[in-house]
Amino acid sequence: MSTSYLWGVDIFGKVFLLPNNGQHWEELKGQQLEMKKVSAVERCAWGLGCDHQLYVYVHSTDVPIRVQVKTFENQRWNPVDGFTSRKLLFKDRWGWSNEDGSEQCPKSSYTLPSDNWSYESDWYVDENIGGKPTGKGGWQYAVNFQTHYHPEKKWNSCVRRRKWIRYKRYHALNTWAKIPGPFIDALQEPFIDIAVGGTDLRGQADGYLTVWTVSVLGRVFVREGINSICPEGTSWQEVPIDPDKEVVQISVGPQGSVWGVLLDGMAIVRCGVSTDHPLGQYWMYVCPPEDRQIMSVSVGTKAVWAVTREGKVWFRKGINFFKAPTDNFAALGVSWIEMVGSMSLVSVGPSDQVYALGNDDNKTVYLRTGVTASEPYGKTWKVIDCKERDLSAALPHSSAASLASLLHSISMSEINDSQQAEFTQGLIQSLSSSQLYTQGDDDNGNTKVTPNPSYGHDDTSSDITEKTVKFFMSLEEVVDAKHKVSVDATRSRQRSSSDSAEVINPRHRSRSSSQTEFKSYWDRTSVFSDSDDSDDFSSSQDRQQPKNIVFQENNDLHSSSNGESNSQKDFKVTDLDRNRHDYSSQSSISSEYSDTIIDFVNDYEGSEVKGEDKVKVHSGMDIVSFKKGACADSEKTLTQSEKDSEVYRLDQGSSDLDVENRVCEQSKSEELSVCMNSFHHSLRDLCQHYNRGNIAWVSISGGGCVVNHELLPQWFTQSNSTSNINTLTGRSLSAIYRRKIADGEWRLSIQRQLQKRQLQEVDSFKNYEHAIELTSWVKRGRMLWWREHRPHKWLDCNIELEQGSERKLDNSTFSVFYSHHGKQKHIQLVLNEITCVLNVTSPDSRQSKPTFAVTTAKRTARRTPLMIGANSYEEMEDWISAISMSCCDVRGLGGPPTNQAVWATTCHGDVFFHEPLPNTDTTQCNNLYWRQIGGHMCFIECSPVGIVWGLGSDHTVWVYTGGYGGGPFKGLAGSATGIHKQTDCKELTMYQTQRWNPIQGFTDRGLLGEMFFKNKVSSGLHDDSHQVKLPSPHWQWMNDWTVDYTLDGGTDQEGWQYANDFPGWYHKDKKWKDYVRRRRWVRKCKLLTTGPWLELPPLSLIDVSLQVEENEYGDGQIALWAIATNGDVVTREGVTKQNPQGKNWIHVPSDQPFQSISVGGNYRVWGIANDGSAYLRNSVNPKNIAGDCWFHVPPPYSSLRQVSAGGSAVYAVDVNNGLWYRKDITLTFPEGTRWIHVCNNIQKVSVGPKDQVWVLAEKVGHSHGVVCQRLGITAEKPTGESWDLGIGGGLTHICIRGLTCKEENAEAIIQDEMAPSIQRKLPEITSNIDSVVVTPTEDALC
C-alpha cells in the first residue's frame, strides 16, 4: 500500500500529516501560512487560510509537473517568394496554428498561468512528428494542408509545416500556493469553507479534481480545470442556489457527489452528477435527523456521515453514488441512523474510512474500525494515539514560540501596563509549571526564565525562547510595575479615606479597579510562591518579593500617548472589600483539560471601544473573557484621564451612588481577577499538553488517507523510548541468564548421562535393520480431471500424491484415478519428471472452477498439460503447495533463487523462477523446472548481481527481499524470512450487448447473454453482473459496477457504442445502419497476500530495467531506468546489492512520453516512445548516470511497443507482435544501421547478458504465453536459426537478464505443427541507415 496521509490543523494554524505507515504526526514541509481548514486528496491538498483565501499544496514527486506547449508554423510556396507565411490563400490555415489548423496559435499567445510556472527553455523545432523523422529544418511537405505530410520535398509540394515546442514546469511544490478568488478584490467576499473530491469520476482527464467553496454570503463556487498537469485550475464558476438559502458547509466525495449544510440546519444535495455534467444539474434538500440541526457533513463513496449541533453522529442509509447519475434516491439516501459517540467533526476517506474529531475538550482523533462494503457504518471508534515527531526539537520553535507570539498580540494591546506585567508574570509561571522552562538568577542576581535542558532544547531554541519571553516584558519591568501599583494603591487608600464623597466617573474607573485587582491576583499567582492565601497587600508583598531585584522604570515600552511617564499618573480608587479574594477564588474558572483552544475573535485596533466588547479565551467548554470596560481605557494617559474625568459634589443622595459605584467597580475587578487566573491556568495546561506531545486539533481531513480495514496502521500502540530501553534491557538480561544456565554444572551432568545412554542403547544397534520402516507418505483427495481427448469434459477422479522416504525419493509419484465406460483407469506421473505446477484458467467457460495444471517434458511437447479442477480455491492452493514442495524435495531444490535465475509471471499474477543447473551442457526448454514463490506481480526485472524489482497490477513498485515463501507456501521451513504483506489492485471489465429490433428497439432478448465478462482471469457469458466472481477469495471488491466512458472512439451519454454488427468498428453516434450496441462496465478489486517483496513508494511505474552487465560501476551502484505512469523517464540513484531499493529518483527530460525502456551493455539505454519510435540515450556513463540527450532511431514499417537490450544485441516487438533485431550495433555506432525482421507471434522478448534471446509466444496450439528460447545465435547469424519451445499456460512476462551462463542446446526441438513457417517476402528497403530488411525464416512463430 502506498503512503498516504491524514491531515490535521492545530489551534495555531499549523498543518500536520500522519502517514498511514507511520506512528507520529509530522509538521508539513514548507509551511509558512496559518490555516483554518484543509481538504486533501492523495496527491495534493487545498487549504483555507486564516485570511480566508484559498491555497493549494502539491506534494513533490520524482516526476515533475511539466507541460508541452506546441504550435505549428505553416507556409505556402509561390514562384516569387518561395515558401512564405505572408501570402497564404484565403482558405488556408493561419501562419501559426494548432495541428489541425482550427485555431490561431502564435508564439506570443502562450503565457504562463501564474507565477508558480516557469519555462524550461526557449522555443525549438521538434524533428520527430508522429514517430517519423522530419526533413531538413524540421519541415514536412505536402500538396495541401489537409493531405498527408512527408519529410522530402517533391515537385508537387506546395505547402509545408514544422512544429515548435517548449516546456513549462510547475515549481510550487511542498509549499502553499495562493489561488486567486472569483473577485478582483480578495476581501469582497471571502471564503468560509472548502472541499475537494471527484477523483474517481469517470470520463474525466487524468488527475481530475473538483474544488467546491462557500463564501461568507452563503454562495457556492467551483474551481474548474484542475488535473494532473494543471494543479491550480483555470477558472471559477458559481453554482446557483435558492435566493433564500445560505450554505455554511460543504463536502465532496470521490465520485463528485456534493452535500452541503444550510444555515437553518438542513442538508442540500447536488443531483445529476455524471460524466457529461461533473458539476451536477440541480439541488435537492434532505431533512435533518429527528428535526435536529446539522452542523457538518462528510461524503464518501457509498456513505454520508453527519454531525448535529448537539454532537451526535449520524449515518445516512441507502447511499450509492455509483448509481446516483440515474437514480436520485441513491444520491439522497433513505434515512438517518444514529451512531454511538459524540463528535465535533467527521471526515470520510476515499474507501469510506471514517475519521472523527472528538467533542471532548481534548479533541481526540478517532478512526472508525470495521468499515467494509457490507457494513459501511463500521463497528467501533478507536482513538488514534499518535504524538508529534521529534518533539524536543520542534516544541520551542513551533508550539511555545507560536503561543508566545499569539499571546503578545493581546497582552500588549488589550490590557494596561500593570496588567501587562501581571499577564507576563502569569505567562512565565505557566511556562515554568509545565516543566518546559526553569527560572533562576543571572550574574547580577536578576530572575530569568530559561528552557529546561532535560527536554532536549538546544542552544538555538534557548536563545529564541529567552527572546520570546523578553519580548513580552522583562522581569525587572514586572517588579517595577508591581512597586508602582503598591505605591499608587496606598495613595489611593489615603485619598479615599479623607474624601469619601468623591467617586470616580464610571467611564474612567477601569484603570484604578484593575490596578487594585492586580494586588489580589499577585498574591495568588506569584512566580516565587505557590501559596493561594493572602492577608493584606503589604504582608504579601514583603513575603513574596525576591532578593536582588533591580527596580527600573521603562518609559519607552510603557509610555503614554502624550509622552508623560507612568510614574506621574494619579489614581482615585475606592476601597474594595477584603473578602473579595475568597469570592474570586471560588468563582475562578480553571481548565482541567489538556487541550486548550484560544480564539481571539475580534480585532480592536483602530476601532471604538465599547463596554460590551470582550476578548474571548476558550478553554475546553468554558469561555473566559477579558471585558473591554475593565481595561480598554488603560492605554489613555493620565492627562487625558484628568481632562475627561469630572468630580461631582453630591447632595444627600450621594452616598447611595457611591455604594452603587463601589459595588460595580468591585464586580468588575473580581471578573478580571477570575479571567486572569483562569487564563493562566489554561495556559499552563496548554503547555503541559504540548509537553506530552499532544496537539490541540481544530480540523482534520481524511480524504487522502487510505486505510485497509484488515491491516490497520500502527496508530493505536505507541512505543516510547522508555519501553524500548526496557525491552532491550530485558533481552540482554535474558541472554545473560541463558548463558549462565548453559554453563551450569547441573546441565553438563545431565548431558553426560544422556550421551552415555545414547551410546549404550542406540549407537550399539545402529547396524541392525529397523523392524518397521516408513517408506512413504500419501495425500489423497477427490477432484475433477479434464479429459484431454474428445469429448472434452470434466470427469470425477481421485488424486493421490505419494512421496517416498529419503532412500526412495525417486519412487515419488502423482496419480489420477478415474473411470471411463465403467473401466478404472489411472494416470501416473513421476515427481522428478514434473516441470511445473501452476494455476490456470478453467478450460470450460460454462463451468468456471479453480484449476491447476501439472506439466512434464512430454506433455509440454504435446501441449496437453494435466488439468485438475478443485472444489475450492483453498483446496487448489493446498495441492499446489504440496506437489511443489514434494517436487523440490525430490530434485533437491530449496531456498531462495540465485542471481542467475530466470523469472516469469502468469496472467493470475503468480511468480515463477527457473534455476539454471551448473555444469549442464544440454538443457531442453521443455525440461526446465519452474518453482513458484509468494507474491502477486505482472512484471519482473532482474540483474546479474541479484537485484530483482517487480511491478503490481496497479503499477506499484516492489523490491525482492531474498525470501522464498509467502502466498500458498506457508509451511516452508525458514521461509518466513523477508516475507511481507502485499496488496494489489486491478479492474475487471464486462460488456453489456444489445441488438435492435423494430418492435422493442435495442434489447438483450435474442442474444446468448446480456453481459459478456472479459478479462485476463476468466471469460464467459453471464446473464447478470452479480454472477461475476472474484478471481480468488484473497480478492475483495472495492466498489460497485460502473459504466466506463473512456472507450476508444467515445461513447454517448449512457456509455453506449454502436456498430453494424458484432464484431465491428464501434462509434459513439448512432447511425441508421447500426443494429447492435455495447457498453463496458468496470469494477475494482483488491488483493491481500504475502510474499518476499517490499513496497517502494510513492512513484508508480509501467516499466523498469536494470543493468544487464554483471560488473558494477561508480561506488557500487547499478544502473536502473524506469518509466512512470505518465510516460516520463526516470533513473534511480544509489541502487546497490546491499541497498536494492536505492535512494532517490532523477528525472530525465524527453520530448515524447515513453512506454518501454531497457539498459544494455556499455550503459546503452534504449527506449520506445508512445508514437512507436525508438530512442537511444547518449553519453550515459558512471559519472553521468542520466546521460545528455536522446538520439532518435526511426522504427520499421510498423510502430514498436517493447525493447530489450542485452550485452550487445537489441531486439524489439512491434504492435503487430513482430520481432525485430537491430543490426550493426558497435561501440562507435551504438544506434546501429537497420532493423531486421525475425518472426511474428511474439508477445514479449528478453535479452540476456550473453545476448541470449527468450520470448513469450502469443499462441502455440491451444496454449497462450509459451516460453521459447532462440537457438543457433552466432556472430555470423545474430538472429539465430530456430526456436526451442517450453511450457505454456498463460505466462505474461519473462526476464533472463540475470542469466550470465549461456546454456547451449545440443539438439533443437522444433515442433513444425505448432510453429508453422512464414513464406512471405516483403520489399527490402535498401537505405544505408535505418533501413528494414525482412528475412523470412523457416521456423518463425505465427
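The shown structure was predicted, so the numbers you read here are calculated from the model rather than taken from an experiment. Every residue gets a number counted from 1 within its own chain, in the order that chain's sequence is written. Only residues with pLDDT of at least 70 get local features here, since the model is predicted, and only at 80 or more are side-chain atom pairs given and counted; chain-wide, interface and lining totals rely on the full set of residues. Hydrogen atoms and water are omitted, and side-chain values are computed over all heavy atoms in the structure.

Q: Before we go on, may I ask you to explain the overall build of the chain in this structure?
A: Within the chain one finds 15 helices and 77 strands. To sort residues, take the accessible area from a 1.4 Å probe on protein chains only and compare it with the maximum for the residue type: under 20% means buried, over 50% means exposed, and anything in between is partly exposed. Here the chain holds 1342 residues, and the buried ones make up 54% of them. In what follows, residue pairs with any heavy atoms lying within 4.5 Å of each other are defined as contacts. Here the analysis covers contacts within the chain between residues at least 6 apart in sequence; of these, 60% occur between residues at least 24 apart. Approximately 62300 Å² of the chain is accessible, and the part contributed by carbon and sulfur atoms is 49%. What counts as a helix is a DSSP run of H or I of at least four residues, what counts as a strand is a run of E of at least two, and both are numbered from the N terminus. Residue burial considers only the protein chains on display, and all accessible areas are found by Shrake-Rupley using a 1.4 Å probe.

Q: Whenever I open this one, the pairing of strand S19 (residues 220-226) confuses me. Can you help?
A: Along a regular strand, successive side chains alternate from one face of the sheet to the other. Of all 7 residues making up S19, 5 are buried, and the element is well covered by its neighbours. A strand pair is defined by DSSP finding two or more bridges across the two strands. Here strand S18 (residues 209-215) runs beside S19; their pairing, made up of 5 bridges, is antiparallel. Residue pairing in the sheet places Val211 in a bridge with Arg223 of S19. Where S19 meets strand S20 (residues 235-239), 5 bridges bridge the pair, whose relative direction is antiparallel. The residue of S20 that forms the bridge with Val222 is Gln237.

Q: Explain the sheet that holds strand S62 (residues 1129-1133) here, please?
A: Strand pairing within a sheet occurs via backbone hydrogen bonds; the two strands may be parallel or antiparallel. With antiparallel pairing, the 4 strands of this open sheet are ordered in space as S60-S61-S62-S63. Only two strands of the sheet have a single partner each, and these edge strands are strand S60 (1101-1106) and strand S63 (1144-1148). Each neighbouring strand pair of the sheet contributes to a mean axis angle of 30 degrees, computed without reference to strand direction. Every angle, taken between N-to-C directions, lies between 0 and 180 degrees, and every axis is a line fitted to C-alpha atoms, over only the stretch in contact when it is a helix.

Q: Would you take a moment to explain helix H15 (residues 873-891) for this structure?
A: In an α-helix, one turn spans 3.6 residues; hence positions three or four apart end up facing the same way. To estimate how far a helix should reach, multiply one less than its number of residues by 1.5 Å. An ideal rise of 1.5 Å per residue puts 27 Å on 19 residues; H15 measures up with 27 Å between its terminal C-alpha atoms. Looking one or two residues past H15, Gly892 carries a phi angle of roughly 75 degrees, positive in sign.

Q: What's the story with unusual backbone geometry in this structure? I'm lost.
A: Note: most peptide bonds trans; most residues except glycine with negative phi. Of note, the bond from Arg790 into Pro791 is cis; its omega dihedral lies within 30 degrees of zero at -5 degrees. For Pro791, the position within the fold is in the loop between strand S38 (776-786) and strand S39 (794-804). Of note, the bond from Phe1062 into Pro1063 is cis; its omega dihedral lies within 30 degrees of zero at -20 degrees. Structurally, the position occupied by Pro1063 is in the loop between strand S57 (1057-1059) and strand S58 (1076-1091). Positive phi, close to 65 degrees, is recorded for Ser1179, a residue that is not glycine. Structurally, Ser1179 is set in the loop between strand S66 (1174-1178) and strand S67 (1189-1193).

Q: Please explain the sheet that holds strand S17 (residues 191-197) as it appears in this structure.
A: Taken together, 4 strands build an open sheet; the order of strands is S17-S18-S19-S20 and the sheet is antiparallel. Each having just a single partner strand, S17 and S20 make up the two edges of the open sheet. Here the average twist between neighbouring strands, direction ignored, is 25 degrees.

Q: How should the pattern of salt bridges be read in this particular structure?
A: One side chain can pair with another of opposite charge once the charged atoms of both are near each other. By definition here, a salt bridge exists when the distance from a side-chain nitrogen of Lys or Arg to a carboxyl oxygen of Asp or Glu is within 4 Å. Tallying each qualifying case throughout the model produces 26 salt bridges. Members of the salt-bridge network, linked through shared partners, are Arg202, Glu987, Asp1044 and Arg1080.

Q: Hey, could you run me through the nonpolar core in this one?
A: We define a nonpolar core as any set of buried Ala, Val, Leu, Ile, Met, Phe, Trp, Tyr and Cys residues linked to one another through side-chain atoms lying within 4.5 Å. Formed by 29 residues in total, the largest nonpolar core has its most connected members in Trp785, Phe814, Val816, Ile834, Phe852, Leu866 and Ile883. Counting only elements with at least two residues in this core, the list comes to S38, S39, strand S40 (813-820), strand S41 (823-830), strand S42 (834-840), strand S43 (851-856), strand S44 (866-869) and H15. Top contributing element to this core by residue count: H15, with 9 residues. Leaving out residues up to four positions away in the same chain, Phe814 has contacts with Ile799, Glu800, Leu801, Ile827, Gln828, Leu829, Leu831, Ile834, Val854, Leu866, Trp879 and Ile883.

Q: I tried to follow the confidence of the model for the chain on my own but got confused; where do I start?
A: Residues shown with low pLDDT carry predicted positions that ought not to be read at fine detail. Each residue carries a pLDDT score, the predictor's own confidence in it, on a scale running from 0 to 100. Residue-level pLDDT values for the chain average 75, and 69% of them are 70 or greater. Long-range and interchain partners of residues 391-402, a stretch whose pLDDT sits below 50, account for 30 contacts in this model, where long-range means more than four residues apart. Contacts from residues 1009-1021, a stretch scored under 50 in pLDDT, to residues over four places away or in other chains number 44 contacts.

Q: Would you mind going over the packing of aromatic side chains with me for this structure?
A: In this description, a pair of aromatic rings is defined by centroid distance and the angle of the planes. Working definition: rings of Phe, Tyr and Trp (its six-membered ring) pair if their centres are within 6.5 Å, and the pair is stacked with planes under 30 degrees apart, edge-to-face with planes over 60 apart, and tilted otherwise. As enumerated under the stated definition, the model contains 33 aromatic pairs in all. A centroid spacing of 5.5 Å and a plane angle of 70 degrees characterise the contact between Trp903 and Tyr960, whose relative ring orientation is edge-to-face. Highlighted residues: Trp903 in strand S45 (residues 902-906) and Tyr960 in strand S50 (residues 957-960), separated in sequence by 57 residues. Classification of Tyr960 by relative accessible area gives buried; the value is 10%. Linked through ring pairs, Phe183, Phe191, Phe221 and Trp236 together constitute an aromatic cluster. To sit over a ring, a charge needs its Lys NZ or Arg CZ within 6 Å of the ring centre and within 35 degrees of the ring normal. The lysine or arginine in question, Lys382, covers the ring of Phe716, its NZ or CZ lying 4.6 Å from the ring centre. In this structure, Arg1083 is placed above the aromatic ring of Trp1037, and the distance from its NZ or CZ to the ring centre is 3.9 Å.

Q: Explain the environment of Gly869 to me, please; I cannot follow it from the model alone.
A: Looking at the secondary structure, you find Gly869 in strand S44. As a C-alpha pair, Gly869 and Leu795 span 74 residues in sequence and 9.3 Å in three-dimensional space.

Q: Can you walk me through the side chain of Asn839 in this structure?
A: When you line up the elements, Asn839 lands in strand S42. On the accessibility criterion, Asn839 (7% relative accessible area) is buried. Residues within four places of Asn839 in sequence aside, it is in contact with Thr851, Phe852, Tyr873, Met876, Ile880, His908 and Asp910.

Q: Could you clarify how one ought to interpret the pairing of strand S3 (residues 24-27) in this entry?
A: Note that strand S2 (residues 15-19) and S3 share 2 bridges and pair antiparallel. Looking at the pairing, Leu17 lines up with Glu26 of S3. Between S2 and S3, which pair antiparallel and follow one another directly, the connecting turn spans 4 residues.

Q: Teacher, can you tell me more about a nonpolar patch on the surface here?
A: The patch calculation keeps residues exceeding 30% relative accessible area without a salt bridge and links them within 9 Å when they carry like charges or within 5 Å when they are nonpolar (Val, Leu, Ile, Met, Phe, Trp, Tyr). A cluster of nonpolar residues, Ile192, Val216 and Leu217, forms a patch on the protein surface that exposes about 250 Å² of accessible area. Along the chain, Leu217 turns up in the loop between S18 and S19. Take Leu217: its relative accessible area is 52%, and that puts it in the exposed class.

Q: Sorry if this is basic, but what is going on with the environment of Lys132 here?
A: Position of Lys132 among the secondary structure elements: in strand S13 (residues 132-133). Separated by 1067 residues in the primary sequence, Lys132 and Ser1199 place their C-alpha atoms 10.0 Å from one another. When near neighbours in sequence (up to four residues on either side) are disregarded, Lys132 contacts Glu127, Pro1195 and Pro1196.

Q: I tried to follow the environment of Val67 on my own but got confused; where do I start?
A: On the secondary structure map, Val67 appears in strand S7 (residues 65-78). When its relative accessible area of 14% is taken as the criterion, Val67 is described as buried. Along the backbone, Val67 and Lys168 are 101 residues apart, and their C-alpha atoms lie at a distance of 5.4 Å. The contact partners of Val67, leaving out residues within four places of it in the chain, are Trp117, Arg166, Tyr167, Lys168 and Ile229.

Q: Would you take a moment to explain the side chain of Thr84 for this structure?
A: Within the fold, Thr84 resides in strand S8 (residues 82-84). Take Thr84: its relative accessible area is 6%, and that puts it in the buried class. At 3.2 Å, the side chain of Thr84 forms a polar contact with the backbone nitrogen of Arg86. Sequence-distant contacts of Thr84, defined by excluding residues within four places in its chain, comprise Gln75, Arg76 and Asn78. Think of a polar contact as two N or O atoms within 3.5 Å of one another; within protein, one of them needs to be a possible hydrogen donor and the other a possible acceptor, and neighboring residues in sequence only count if both atoms come from side chains.

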